Amino acid sequence: MATSSLLLACLFFFSVILSHGVLQLEASHAVYANLQTLQKPTSPNQTYRTSYHFQPPKNWMNDPNGPMIYKGIYHLFYQYNPNGADWGSIVWAHSTSLDLVNWTPHPPAISPSQQAGDINGCWSGSATILPGDKPAMLYTGINPQSHQVQNLAVPKNLSDPFLIEWVKSPKNPLMAPTTSNKINSSSFRDPTTAWLGPDGTWRVIIGSKINRQGLAILYKSKDFVHWIQSQQPLHFADDTGMWECPDFFPISTNSQNALDTSMVGSGIKHVLKLSLDDTKHDYYTIGTYNLNKDIYIPDKGSVDGDSGLRYDYGKFYASKTFFDSVKQRRILWGWINESMPQPEYIKQGWSGVQAIPRNIWLDKSRKQLVQWPISAIETLRTNQVDLPSKLLKGRSMLEISSITAAQADVEISFSVLEIEKAEVMDPSWTNPQLLCSQKDASIKGGLGPFGLKVLASKDLKEHTSVFFRIFKAQNNKHVVLMCSDQSRSSLNQNTDKTTYGAFLEVDPIHEQLSLRSLIDQSIVESFGGEGKACITARVYPTLAIGGKAHLYAFNNGRGSVRISKLSAWSMKRAHIY
Ligand SMILES: *[C@@H]1O[C@H](CO)[C@@H](O)[C@H](O)[C@H]1NC(C)=O
Ligand SMILES: *[C@@H]1O[C@H](CO)[C@@H](O)[C@H](O)[C@H]1NC(C)=O
Ligand SMILES: *[C@@H]1O[C@H](CO)[C@@H](O)[C@H](O)[C@H]1NC(C)=O
Ligand SMILES: *[C@@H]1O[C@H](CO)[C@@H](O)[C@H](O)[C@H]1NC(C)=O
């Protein structure tokens, strides 16, 4: 009683000082004073819950945290509100898995407890495997002054393969804003996995900003406990705003096999990924890590900021990779948030899912990454349907039936037959997302739109279109546009139906155009050009639910295309909680 009246008093105080009842604690997390912790947990509404994407049984989830493999067991921690379906009272929830598909939940691993370090919150962070196979978590804590500081937690019992209990360093916080270091105390968060230099010194970066300049502040340590800020950041870029959840890792230039985060040397490039708080996009550059100066320099043409390369051109934020030392691969996790208004997801009783973990490697061009869903997800495939090669004339459609269309994995490839029908590309069309919304799936083109209509109602009143368009550019080359058009995805007027788009580095004359979509009730996660561009959408059909959902291949262009390959599967439910 005493606690709740005190809480009410605090909330009243907030509502007095805040005109809209919304406290901007820090840019990405609005605190809704009236909803924070007071909300009664409700049983979640199952309508839009997913069947094989990671999500907790109820409540709010955001960033993936500290993914790693330890003694053959995969660990995923995540930002979680145990008290409700909105952001607030954040702890590190914890699940483990043998295959990254089926999961076992455990009690929260890290919760606020340390006065100086994290009493007001345990925010995102990353795992580092220290010598002797000892995991260590660096994470952001919120201290009594609501300043962002960096802390260390380690497993209590290394013989417990599930690492249920974690203990915090008594030295926390290990990195903190001070008057002399000029770090902005409300813009200092999300430590990366640390890497060990050939000089025996650990390095870690933390996202920050000074005014509009985003920066990755570098710290170094000999013992992982005493950290000293480097003179200069690892990297910075003007006018990009706050950098959240940085990720920095080496990548092989000649193999799809991944590298341990501390690897340096020849045949290696580096990737720096940043989550832009202003636009909620994860972008990355490919470049060189200069060990002597401890700075990272993106390659020429690899640009910083919102016009840079993205892991995903739809909904995908606060992502993080880890090195899977058993399978020699680098796995990418990313958070997909809701596209419905806050009161609706609160009512629904849950919010947020994780994208299917993706294997990532460097493209042959060395100019971008390639991503592909982990192969273990294919163990859920059942009930395969294959279609022989088939001509798809202009203005035609083909139903792909006898699979569960609301819970499916579809792979389709097209070959272009009438390249001369491609429309001419206007050089001013530089923004693929804008182009996709101007030329949505209903706009008839020369070559395209062709692709898939997913989560479609029988009458097509509701459907999401994932498709390609091919344009002829000035230099006699062709440009491939990939779109995910949500504009007709739901009869619910309140959902966010933003259309997404990406240019796809594929030569449509010499290569087939492939598309894979992972469909899961309210998620459409699409991979174009064998993983060269990914677009994830969140949709909430009101008619095309469960058994009432349909799946079609379509061509709304004038030119014919050939479906050269089509395989589709029903997907089984994964064990997740
Ligand atoms: C669950 O949500 C759907 C979609 O918003 C709605 O139609 C349905 O009535 C809800 N069910 C319950 C039990 O609230
Ligand atoms: C550590 O974990 C192992 C394996 O679960 C268990 O047998 C052992 O009792 C634990 N040690 C302590 C001190 O809890
Ligand atoms: C520090 O961060 C806060 C929160 O984003 C921001 O309001 C403030 O302007 C920042 N100060 C500087 C100097 O960048
Ligand atoms: C979540 O979704 C909303 C609406 O679809 C969007 O405006 C917002 O930027 C998203 N937030 C993040 C962190 O992705």
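All values reported here derive from a predicted model rather than from experimental measurement. (Residues numbered from 1 in each chain as written. Chains lettered and ligands numbered in written order. Predicted model: local features only at pLDDT ≥ 70, side-chain atom pairs only at ≥ 80, totals over all residues. Heavy atoms only, no water.)

Points about the site of ligand 1
The criterion, for reference: The cutoff for a nearby residue is simple: one of its non-hydrogen atoms must lie within 4 Å of the molecule or strand. Residues adjacent in sequence count toward polar contacts only when both atoms are side-chain atoms; beyond that, a polar contact is any pair of N or O atoms within 3.5 Å, and within protein one must be able to donate a hydrogen and the other to accept it. Accessible surface is estimated by sampling points in the Shrake-Rupley manner with a 1.4 Å probe; for residues, cover comes only from the protein chains shown.
In the vicinity of ligand 1, the contacting residues are N45, T47 and Y48. Between T47 and ligand 1, the recorded distance is 3.5 Å, taken from a side-chain N or O atom to an oxygen atom. Computed on the free molecule, ligand 1 has an accessible area of 360 Å², of which 27% lies beneath the protein chains in the complex.

Considerations on the site of ligand 4
For the record, the criterion: Ten residues, namely Ala, Val, Leu, Ile, Met, Phe, Trp, Tyr, Cys and Pro, are considered nonpolar, four, namely Asp, Glu, Lys and Arg, are considered charged, and the remaining ones, Gly among them, are considered polar.
Lining the immediate surroundings of ligand 4 are K280, K315, Y317, W335, N337, E338, S339 and D496. N337 places a side-chain nitrogen or oxygen 2.7 Å from an oxygen atom of ligand 4. E338 is positioned such that a nitrogen or oxygen atom in its backbone is 3.2 Å from an oxygen atom of ligand 4. The fraction of the free accessible surface of ligand 4 (360 Å²) that becomes covered by protein chains is 63%. Looking at the shell around ligand 4 residue by residue, the classes come out as 2 nonpolar, 2 polar and 4 charged.

Here we look at the sheet that holds strand β9 (residues 148–155)
We apply this condition: A strand pair is defined by DSSP finding two or more bridges across the two strands. A run of H or I in DSSP counts as a helix once it spans at least four residues, and a run of E counts as a strand once it spans at least two, with each numbered from the N terminus. The angle between two axes is taken between their N-to-C directions and runs from 0 to 180 degrees, where each axis is a line fitted to C-alpha atoms and a helix contributes only its stretch in contact.
The strand order across the open sheet built from 4 strands is β7-β8-β9-β10, with neighbouring strands paired in antiparallel fashion. Strand pairing shows two members of the sheet lacking a second neighbour, β7 (122–130) and β10 (166–168), which therefore form its edges. When the angles between neighbouring strand axes are averaged without regard to direction, this sheet yields 30 degrees. With 3 bridges joining them, β9 and β10 adopt antiparallel strand pairing.

Observations regarding the UniProt feature "domain: Glycosyl hydrolase family 32 N-terminal" (unreviewed entry) in the protein chain
The test is simple: UniProt positions are given in the numbering used here, feature names are shortened, and annotations may be inferred rather than shown by experiment.
According to UniProt, the "domain: Glycosyl hydrolase family 32 N-terminal" (unreviewed entry) feature falls on residues 53–373. The span residues 53–373 shows a helical share of 2% and a strand share of 49%, and its end C-alpha atoms are spaced 12 Å apart.

A closer look at the environment of F316
Heads up, the condition is: The contact criterion used is simple: two residues touch if any of their non-hydrogen atoms lie within 4.5 Å.
Looking at where F316 falls in the secondary structure, it is placed in the loop between β21 (309–310) and β22 (317–324). When the C-alpha atoms of F316 and W333 are compared, they prove to be 9.1 Å apart, with 17 residues separating the residues in sequence. Those residues in contact with F316, other than ones at most four positions away along the chain, are D282, Y311, L332, W333, G334, W335, A355 and R358.

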